[in-house]
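# A structural walkthrough
Here are the chains, one letter per residue:
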Amino acid sequence: MEAKAIARGLRVSPIRARLVADMIRGKSVSEALNILANTNSKSSRLTTKVLKSAIANAVNNNGADQATLYVKEARVDAGPVMKRHFFDSRSHIGHRDHRTSHIIIVVATKN
């Protein structure tokens with residue numbers, strides 16, 4: 001039995017968010033929450049919210065036991081890029097891209 005949670009358009013770079021998603025992939029839910037609680041980054045806080053949402057979906061909608069859940073899939077996709085321009089030296093226009101990401105977490109029960 002699987003349950004999924006998706007957060008779209010989060011203001012964190014996908015490269016930085018993938019570092020956190022790689023740490024929790026395949027772990028039990030309690031172990032993944034402990035790893036995220038001890039990781040000091042913005043992407044870990046956002047991933048914690050998505051993981052808790054996926055756990056709540058599994059428990060409330062599917063009647064799963066939280067003790068038997070594990071992170072089956074933790075994926076970070078690139079979202080839209082907000083392109084910002086500013087005046088640079090020698091009358092040039094510089095640009096700074098604000099990248100966004102979509103975090104997808106799927107939890108499942110161990111058989």
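The structure reproduced in this document is the subject of the present report. (Residues numbered from 1 in each chain as written. Predicted model: local features only at pLDDT ≥ 70, side-chain atom pairs only at ≥ 80, totals over all residues. Heavy atoms only, no water.)

On to the overall build of the protein chain, then. Scanning the protein chain from N- to C-terminus turns up 3 helices and 3 strands. Seen in sequence order, the protein chain has helices and strands lined up from the N terminus as β-α-α-α-β-β. A compact globule built from 111 residues should have a C-alpha radius of gyration of about 13 Å, whereas the protein chain, at 17 Å, is more than 25% larger. In terms of overall dimensions, the protein chain has C-alpha extents of about 65 × 25 × 15 Å along its principal axes. Sorting the 111 residues of the protein chain into buried and exposed places 37% on the buried side. Within the protein chain, counting contacts between residues at least 6 apart in sequence, those at least 24 apart form 69% of the total. Working note: accessible area of the protein chain is about 6,900 Å², and carbon and sulfur atoms make up 48% of it. (Helix = DSSP H or I, 4+ residues; strand = E, 2+ residues; numbered from the N terminus. Rg over C-alpha atoms; globule rule 2.2 N^0.38 Å. Buried < 20%, exposed > 50% of the residue type's maximum accessible area, 1.4 Å probe, protein only. Contact = heavy atoms within 4.5 Å. Areas by Shrake-Rupley, 256 points an atom, 1.4 Å probe, with all protein chains shown as cover.)

Turning next to the pattern of salt bridges. Side chains that differ in sign of charge can pair as their charged atoms come close. Inspection of every chain in the model, using the stated rule, returns 5 salt bridges. For Arg 99, the salt bridge identified is with Asp 97, shortest N-O distance 3.9 Å. Relative accessible area serves as the criterion here: at 43%, Arg 99 is assigned to the partly exposed category. Take Asp 97: its relative accessible area is 28%, and that puts it in the partly exposed class. (Salt bridge = Lys/Arg side-chain N within 4 Å of Asp/Glu carboxyl O.)

A positive phi is found at Arg 90, a non-glycine position, where the angle reads about 55°. With respect to the helices, strands and loops of the structure, Arg 90 is situated in the loop between strand S2 (69-87) and strand S3 (93-109). Residue classification places Arg 90 among the exposed positions, given a relative accessible area of 69%. Even without being a glycine, Ser 91 presents a positive backbone phi close to 65°.

Time to look at the sheet that holds S3. Across a sheet, paired strands are connected by hydrogen bonds in the backbone, their directions being either parallel or antiparallel. Pairing is antiparallel in the open sheet, where 3 strands are placed in the order S1-S3-S2. The open sheet has two edge strands with one neighbour each: strand S1 (2-10) and S2. Sheet twist, expressed as the average angle between the axes of neighbouring strands with direction ignored, equals 10°. Bridging between S2 and S3 involves 16 bridges; their strand directions are antiparallel. Note that in S3 the partner of Glu 73 across the bridge is Val 106. Packing of helix H1 (residues 14-24) onto the sheet brings it into contact with S2 and S3, and relative to S2 it is tilted by some 170°. (Pairing = 2+ DSSP bridges. Axes fitted to C-alpha atoms, helices over the stretch in contact; angles between N-to-C directions.)

Note that all results are geometric; they support no functional claim without further evidence.
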